Amino acid sequence: MTTNASTAKTTANKKNAAWIALLLAGVFEVGYALSVNGSAGFTILTWSLTAIVFFLLTLYFLSVALKKIDVGIGYAVWAGIGAVGAAVFGPIFFSETLTLAKALWLAVIIAGVVWLKLADSLAAAAARKAELAAA
């Protein structure tokens, strides 16, 4: 019984690590999007190099996350974080506008990302419960 409980705990820890990797991938995606914008079509060297670094980091952490998170959920969360982050930080770095309507729809994206995480957590909890019951 202890072995199965230990296995379930290890699985949960790996799943949590995957979500942390996915959040990091999302943050690096924001950096990538902003850097590509700042590079002006890859004509400004420092922004271009920064974009390449963020691109490699976002792909690495996304690939790590997708080892344990379903690709549909992982990609949606990653893209959502990138979209929201770019929309929020675009006005800060590039004098873009963030209207009330844009903010409302960004809130919808954020809510969707949260619900996807909750749905994944519930599915993982049910799987752990089934694992323990089968032991």
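Above this text you will find the structure in question.
About the cut-offs
- Residues numbered from 1 in each chain as written.
- Predicted model: local features only at pLDDT ≥ 70, side-chain atom pairs only at ≥ 80, totals over all residues.
- Heavy atoms only, no water.
- Helix = DSSP H or I, 4+ residues; strand = E, 2+ residues; numbered from the N terminus.
- Expected span 1.5 Å × (residues − 1).
- Bend = angle between axes of the 7 residues up to and from the residue.
- Buried < 20%, exposed > 50% of the residue type's maximum accessible area, 1.4 Å probe, protein only.
- Core = buried A, V, L, I, M, F, W, Y, C linked by side-chain atoms within 4.5 Å.

Engineer: Sorry, what's going on with helix α3 (residues 71-94) here?
Structural biologist: Note on helix geometry: an α-helix contains 3.6 residues per turn, so any two residues three or four positions apart are oriented the same way. Across its 24 residues, α3 extends 32 Å between first and last C-alpha, which sits within 8% of the 34 Å expected from 1.5 Å per residue. At Val88, α3 shows its strongest bend, of approximately 30°, with the proline Pro91 following within four residues. If you check which residues of α3 are buried, you get Ile73, Gly74, Val77, Trp78, Gly80, Ile81, Gly82, Val84, Gly85 and Gly90. Ser95 sits one or two residues past α3 and shows a positive phi near 55°.

Engineer: Hey, could you run me through the nonpolar core in this one?
Structural biologist: Soluble, globular proteins show a tendency: their nonpolar side chains are buried together. Ranked by internal contacts, the top residues of the largest apolar core, which has 15 residues, are Trp19, Leu22, Ile69 and Val77. Secondary-structure elements contributing two or more residues to this core are α1 (2-38), α2 (45-65) and α3. Looking at which element gives the most residues to this core, the answer is α1, with seven residues.

None of this, on its own, says anything about what the molecule does.
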